[in-house]
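Structure assessment
Now for the letters of each chain:
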Amino acid sequence: MEQVTKKYNPSFFGSISAGMGSLFNASERKYYIIEHKVASKYHRRGEEQKVIMDQIELGRAPNCLVRFDESFTTVSRRHAAIIREGDNYKLIRLSQTNTTFLNGKPITREWYLQSGDEIQLSVNGPKLGFIIPRDSQSSVSNIKFTERLNLFGKQALEPYKWGLICLGIVLFLVILGSLAWNYRQYWKWQEDSEQKARQVAAAFEKNEELQNAIDSMIVAEKNKPEPEKIIPPAAIEDLVENCKDDIYYLFVREVYITDGEQKKQIMQTDANVNEPPPYGWSATGFLLNDGRFVTAKRCIQPWLFTFGRDILAQADLTDSVYHVVAVVNAVSRRGKKFTINSTDFIHDETKSSDRQMLSSDWAYAYTSRKGTLKLDRQLSGNLRSGTDLHVLGFPMNMDASHPPTAIMPAYNRFSVGVDGLDATGCFLYTRGAGNPNSGAPIFARKENELVVVGVVSGESTENNEYNYGIPVLVINHRKK
């Protein structure tokens, strides 16, 4: 049940007292375990964190014992606290803006904790398990002294390390001031008599090293560079807006086979009709800052995949000299347009089965245009589950006759489902990034910009709750 007790008021001396009790009176004290159910910069998923203190805080602030990095934007700097009250423990809400949940229910002020409870910091925020070891196993005496000493340093002293450093600086300045005062007294004594002058000189010689240290500190302070200006993080809406001009809507209105001289038309449809053409299709592509135009291979050569084989139903390809060409039209929201053939694209031609081709579902062509989007191959190979991803793409079979103002890429936000690279790429968790956005860029935030880390492919055939994203790490960069 929810309780209202005395105001939560953490203190340095209370922290030290609890820590010393855990070191030297361990049999009389108990501990509990915080289980991390979400990976972060500071804790692994599944990590169990033993707590020997009477009160700890959870949040993004550096002095929080259970700390989360800045990517957890819905976690407050001081989000919640856990305190010991007799033989019981209570969860206290500290944040006034972000909610704290206990077993899925929001708490307004504070609530008693039971072993096995689940704590969640804000809606869709990280989850933590609260565990009290059974019976005598909860005694701090069951923890080895060296481990208790390590926990004492991290939990009792580290949250107040900056206070201790400031206290040390204050004491140093007091001593330094005292020495300076004595230094002036020596010169007064010199005015009184030669004997006092000799005493001052002798004292000055003894303190020569100290004086050199003081002079060095003064010089270092004068030459100290100006602190770097902290640039506030840009809003994600602004970063997404900056990328939209380089996202292109693709639509295919003509497909033919050719031997290099003559061609046989397979499909052609008026580009201004509202209904999608027979076997026609649309997709998404994007323009990089090096002039490459990138999309998924399935968007320009769908006949290589099972779902697009019907396109070639009326083509006779018994003669190996013939090859298939799709005429691809591209248009941006600003009305920029160009036409490119599927044969202009570079892609991996070594894959044969649908499963293999999914891992190489990428294609790019060199153009005379240059966009602003950047690839980050290294980041794409180190994506961790839970990482926020952003996708900009167009719905399937949109009418190409729409004015440029109506051709607006749709934004979706997803997360990585599985760490690192799979044989077929990486998983995007949650549906909606599949065929309607095939060929669309997948962005990840890197400092104050969005970089391209993947290309949207298609849905998982095993489980339609997942879509595939092809990391740019697997794209083979070839020169023209």
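Residues numbered from 1 in each chain as written. Predicted model: local features only at pLDDT ≥ 70, side-chain atom pairs only at ≥ 80, totals over all residues. Heavy atoms only, no water.

Before going further, it helps to examine the pattern of salt bridges. Counted by the stated rule, this structure contains 18 salt bridges. Between Lys50 and Glu147 there is a salt bridge, and its shortest N-O distance comes to 3.3 Å. In this pair, Lys50 is assigned in strand E2 (residues 48-51) and Glu147 in helix H2 (residues 145-157), connecting sequence segments 97 residues apart. With a relative accessible area of 27%, Lys50 lands in the partly exposed category. On the basis of relative accessibility, which here comes to 31%, the residue Glu147 falls in the partly exposed class. The partner of Arg413 in a salt bridge is Asp388, with the nearest N and O atoms 2.5 Å apart. Highlighted residues: Arg413 in strand E20 (residues 410-416) and Asp388 in strand E19 (residues 388-393), separated in sequence by 25 residues. The network of salt bridges with common partners includes Glu241, Lys244, Asp245, Arg333 and Arg334. (Salt bridge = Lys/Arg side-chain N within 4 Å of Asp/Glu carboxyl O. Helix = DSSP H or I, 4+ residues; strand = E, 2+ residues; numbered from the N terminus. Buried < 20%, exposed > 50% of the residue type's maximum accessible area, 1.4 Å probe, protein only.)

Relative to the assigned elements, Ser342 resides in the loop between strand E17 (337-341) and helix H8 (354-358). Taking the relative accessible area as the measure of exposure, Ser342 reaches 1% and is therefore buried. It is 6.9 Å that separates the C-alpha atoms of Ser342 and Val328, two residues lying 14 residues apart in sequence.

Counting 48 residues, the largest nonpolar core has Val255, Phe286, Phe293, Leu373 and Phe443 as its most contacted members. Tallying contributions element by element places strand E12 (residues 247-258) first for this core, with eight residues. Each residue touching Leu373, except ones within four places of it in the same chain, is listed here: Cys243, Asp246, Ile247, Phe286, Leu287, Leu288, Asn289, Phe443 and Val452. Judged by nonpolar contacts, the second largest core, of 28 residues, contains Tyr32, Ile33, Leu91 and Leu102. (Core = buried A, V, L, I, M, F, W, Y, C linked by side-chain atoms within 4.5 Å. Contact = heavy atoms within 4.5 Å.)

In this section: the sheet that holds strand E7 (residues 100-102). Pairing is antiparallel across the open sheet formed by six strands, whose spatial order is E2-E1-E11-E10-E7-E8. Taken across any chain shown, the strands that pair with only one partner, and hence form the sheet edges, are E2 and strand E8 (105-107). Strand-to-strand, the axes of this sheet are offset by a mean angle of 30°, without reference to chain direction. As judged from the three bridges shared by E7 and E8, these two strands associate in the antiparallel manner. (Pairing = 2+ DSSP bridges. Axes fitted to C-alpha atoms, helices over the stretch in contact; angles between N-to-C directions.)

On to the sheet that holds strand E9 (residues 110-112), then. Strands belonging to one sheet form pairs held by backbone hydrogen bonds; the direction of such a pair is parallel or antiparallel. Ordered in space as E4-E3-E5-E6-E9, the five strands form an open sheet in which the pairing is mixed. Of all the strands in the sheet, the pair left with one neighbour each is strand E4 (66-67) and E9. Alignment of strand E3 (residues 55-59) against E4, held across two bridges, turns out to be parallel. Opposite Gly59, over in E4, you have Arg67 as the bridge partner.

This part is about the packing of aromatic side chains. By the definition in use, this model includes 11 aromatic pairs. Between Trp362 and Tyr364 the ring centres are 6.0 Å apart and the planes differ by 15°, which places this aromatic pair in the stacked class. Its relative accessible area of 1% is what places Trp362 among the buried residues. Each ring, one from Tyr364 and one from Tyr366, has its centre 5.9 Å from the other, and the planes form 85°; the classification is edge-to-face. Here a set of aromatic residues connected by ring pairs shows up, and it is made of Tyr32, Tyr89 and Phe130. When the ring centre of Tyr364 is taken as origin, the NZ or CZ atom of Arg292, which lies over that ring, is 4.9 Å away. (Phe/Tyr/Trp six-rings, centres within 6.5 Å; stacked < 30°, edge-to-face > 60°. Lys NZ or Arg CZ within 6 Å of the ring centre and 35° of its normal.)

Let us now look at helix H6 (residues 236-243). What H6 keeps buried is the set Leu239, Val240 and Cys243. Taken around the axis of H6, the buried residues stretch over an arc of 100°, which confines them to a single face. Relative to its buried face, H6 has exposed residues pointing more than 90 degrees away, namely Glu237 and Asn242. (Arc of directions from axis to C-beta.)

Further remarks concern the side chain of Thr284. Within the element layout of this structure, Thr284 appears in strand E14 (residues 281-287). For Thr284, a relative accessible area of 0% translates into the label buried. When sequence neighbours within four positions are dropped, the list of residues in contact with Thr284 reads Ile247, Tyr248, Leu250, Thr295, Leu392, Gly393, Phe394, Asn437, Ser438, Gly439, Ala440 and Pro441.

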